[in-house]
Amino acid sequence: MAWIWVGLAVVAAVGLAWPLLAMAGHGVGMRARRALRRRVGVTTRQTLRRFRARIDRFKLTQKAQVRAALLQDPVLGKAVAEAAAHDEVDKDVGLDVDGAWERAELYLDEIVPSFNILSYFRVGYSVARVSLGGLYALDLDPADAERLRPLLADKNKSLLFLINHRSNADFVLLGWALAHRVALSYAVGEWARVWPLEPLFKSFGSYFVRRGERDPLYHAVLARYVQHIAQNGVTQGVFLEGGLSRDGALRPPKVGLLDSILLAKHDAAFRRELWIIPTGITYDRVLEDETLIQEAGGRKPEHWQRRKLLLRQARQVAGYLFGQGWKWLLERQRKFGHAALRIGEPMRVDDWLAAHPELTTLDRAARKPILEAYATQVMENIGRNMAVLPMGILACILQQRQALPEAEARVLFDEMAQDLRARGARLWQPHPRVRDPFKLARQMLVRRGVLKAVEGALVVTEGAREIVAYYARGLHMWMPEVLSPTRNAALPVPRDVEKVG
């Protein structure tokens, strides 16, 4: 019987002590949470003082508030009603407005990000600086910073960075290069909708865009979101080509998101000036160039294939780094040369809209040619401002001559660089890690097996000519007769550009 009384005493003691322990634990938990909030607040303020970048106030709005505001938007409500009516006609089902609203809420949960200052500037910037900083010499033109300064300082201007798309690393490069100037909200493709990239990109303020989605309601939700953030002054970054260049040349512009943002300007609530910032990205070595070349002319991979593609690209880069990177530890140069970012002359959208007052009265089919012509002008601006890098010049030489003496190649390299600079092309900036640009490009191609040195001559190896052509096509704006694109549709070439060399 004694053990029964002992057990009852233990149960009674625990029953009496549990509320006291819970209250004590609750107090400890509250103090810990308060201390954590204070620490996060101090770190956030330190981060803002360190970077002093433009952070649009609306980016700090909670996701739930943005979502609630859009669900109350009358334009979105009309789109939901039309979607329900469309379902009734096409799918032979009853008018299910609740089902359409559920779809709209699902799309909003997918699209709307949750920006976090520490995630963007501490995690994202650190990862970018360590990863890309170990691969490339960051190449920025000081004149671009001066060109951006007055626009970034004016909070009454809404800025839209329109960018060419060379690599999946473009997002990382832009965040790294512009971290001390502005925090961008990117339009990201479905390729990044895998763990842990999806929550990470959303914490950076990026929103995801489905390519090829046929549901009109999805496009209505996406359009209202980009219009909503543009009206509230959020600085956005959109890849104007809509996807990666597979052959190295600029692709024709995609105008879907641009159409939505420009239409928002005709809303009386959009009182800010809208400016387009043409932005060009160039690399001496695109990390996934071989994969992109393999995809050129092929069909778009399915969703389940994207993860496999990302893993294959990661294995290729890791194998290249850890397989041969140790050989370069004693060399005073970056493994993959330059990663260059250039800003073109900003374009005031309000002036263009004033010249096309009929735009809002036209349907999408009638608007599209007008928008495509405008987007082509932006793309030409981007193409003229993309940095010409050593790899591109050497590739142009090797594209014309598959074998030549190395001494002659160096002379042609210097002459072509001077000619391009005289014609207005923006070449690479001097960098202490890249003392001999010709040697850098040559060594990169030799180590990859694209180029081999035979008795003082440079010879392009069999099966590697497509890689040479890929980098050569990056100079198509300046050498159209020699470097015509094969798979990406070409842009109009400025009339004053003649054959170089």
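None of these values were measured; they are calculated from a predicted model.

Points about the overall build of the protein
Counting its secondary structure elements, the protein contains 18 helices and eleven strands. Burial analysis of the protein (501 residues in total) assigns 50% to the buried set. Partitioning the contacts of the protein with sequence separation of at least 6, the portion at a separation of at least 24 is 77%.

Regarding empty space enclosed by the protein
Over the atoms rolls a probe the size of a water molecule, and in doing so it shows where empty space is left. Per the stated rule, a full pass over the model turns up five cavities of 30 Å³ or more. Counted as a void, the second largest cavity has a volume near 130 Å³. Taken together, 13 residues form the lining of the second largest cavity, with Phe58, Lys59, Val66, Pro113 and Tyr225 sitting closest to its centre. Across the lining of the second largest cavity, the residue classes tally to eight nonpolar, four polar and one charged.

Some thoughts on unusual backbone geometry
In the Ramachandran plot, Arg52 falls in the positive-phi region, its phi being about 50° despite a non-glycine side chain. Mapped onto the elements, Arg52 comes out in the loop between helix H1 (2-51) and helix H2 (63-71). Here Arg52 falls in the exposed class, since its relative accessible area comes to 65%. Even without being a glycine, Glu455 presents a positive backbone phi close to 50°. Turning to its location among the elements, Glu455 is positioned in the loop between strand S10 (451-454) and strand S11 (457-460). Assessed through its relative accessible area of 82%, Glu455 is described here as exposed.

Looking at the sheet that holds S11
For sheets, the rule is that strands pair by backbone hydrogen bonds, running either parallel or antiparallel. The sheet built from three strands is open, its strands ordered S9-S11-S10 with antiparallel pairing. Edge positions in the open sheet fall to strand S9 (403-405) and S10, since each of these has one partner strand only. Across the sheet, the mean angle separating the axes of adjacent strands is 25° when strand polarity is ignored. One ladder, built from four bridges, connects S10 with S11; its direction is antiparallel. Within S11, the position partnered with Leu451 by the bridge is Val460. Across the face of the sheet, helix H16 (residues 406-422) comes into contact with S9 and S11 while running at roughly 90° to S9.

Thoughts on helix H4 (residues 97-111)
Look at H4: 21 Å from first C-alpha to last across 15 residues, which is about the 21 Å you get at 1.5 Å a residue. Within H4 the residues assigned to the buried category are Gly99, Ala100, Ala104, Tyr107, Leu108, Glu110 and Ile111.

A few points about the confidence of the model for the protein
This prediction gives the protein a mean pLDDT of 83; 80% of its residues lie at or above 70. Element-level pLDDT for the protein is lowest in helix H12 (residues 303-324), with a mean of 61, against a maximum mean of 97 in strand S6 (residues 273-283). Contacts of residues 487-501 to residues separated by more than four positions or lying in other chains number 46 contacts, the stretch itself having pLDDT below 50.

Considerations on the pattern of salt bridges
Evaluation of the coordinates by the stated rule reveals 28 salt bridges. A salt bridge links Asp144 to Arg147; its shortest N-O distance comes to 2.8 Å. With Asp144 and Arg147 both in helix H6 (residues 142-153) and three residues apart, the pair spans about one turn of that helix. Accessibility expressed as a relative area gives 5% for Asp144, which makes it buried. A relative accessible area of 26% means that Arg147 is categorised as partly exposed.

The rules behind the values
Residues numbered from 1 in each chain as written. Predicted model: local features only at pLDDT ≥ 70, side-chain atom pairs only at ≥ 80, totals over all residues. Heavy atoms only, no water. Helix = DSSP H or I, 4+ residues; strand = E, 2+ residues; numbered from the N terminus. Buried < 20%, exposed > 50% of the residue type's maximum accessible area, 1.4 Å probe, protein only. Contact = heavy atoms within 4.5 Å. 1 Å grid on protein atoms, 1.4 Å probe; cavity = no way out; pocket = protein on both sides within 12 Å on 5 of 7 lines; lining within 4 Å. Points joined across faces, edges and corners; volume = space filled by probe spheres on them. Nonpolar A, V, L, I, M, F, W, Y, C, P; charged D, E, K, R; others polar. Pairing = 2+ DSSP bridges. Axes fitted to C-alpha atoms, helices over the stretch in contact; angles between N-to-C directions. Expected span 1.5 Å × (residues − 1). pLDDT = per-residue confidence, 0-100. Salt bridge = Lys/Arg side-chain N within 4 Å of Asp/Glu carboxyl O.

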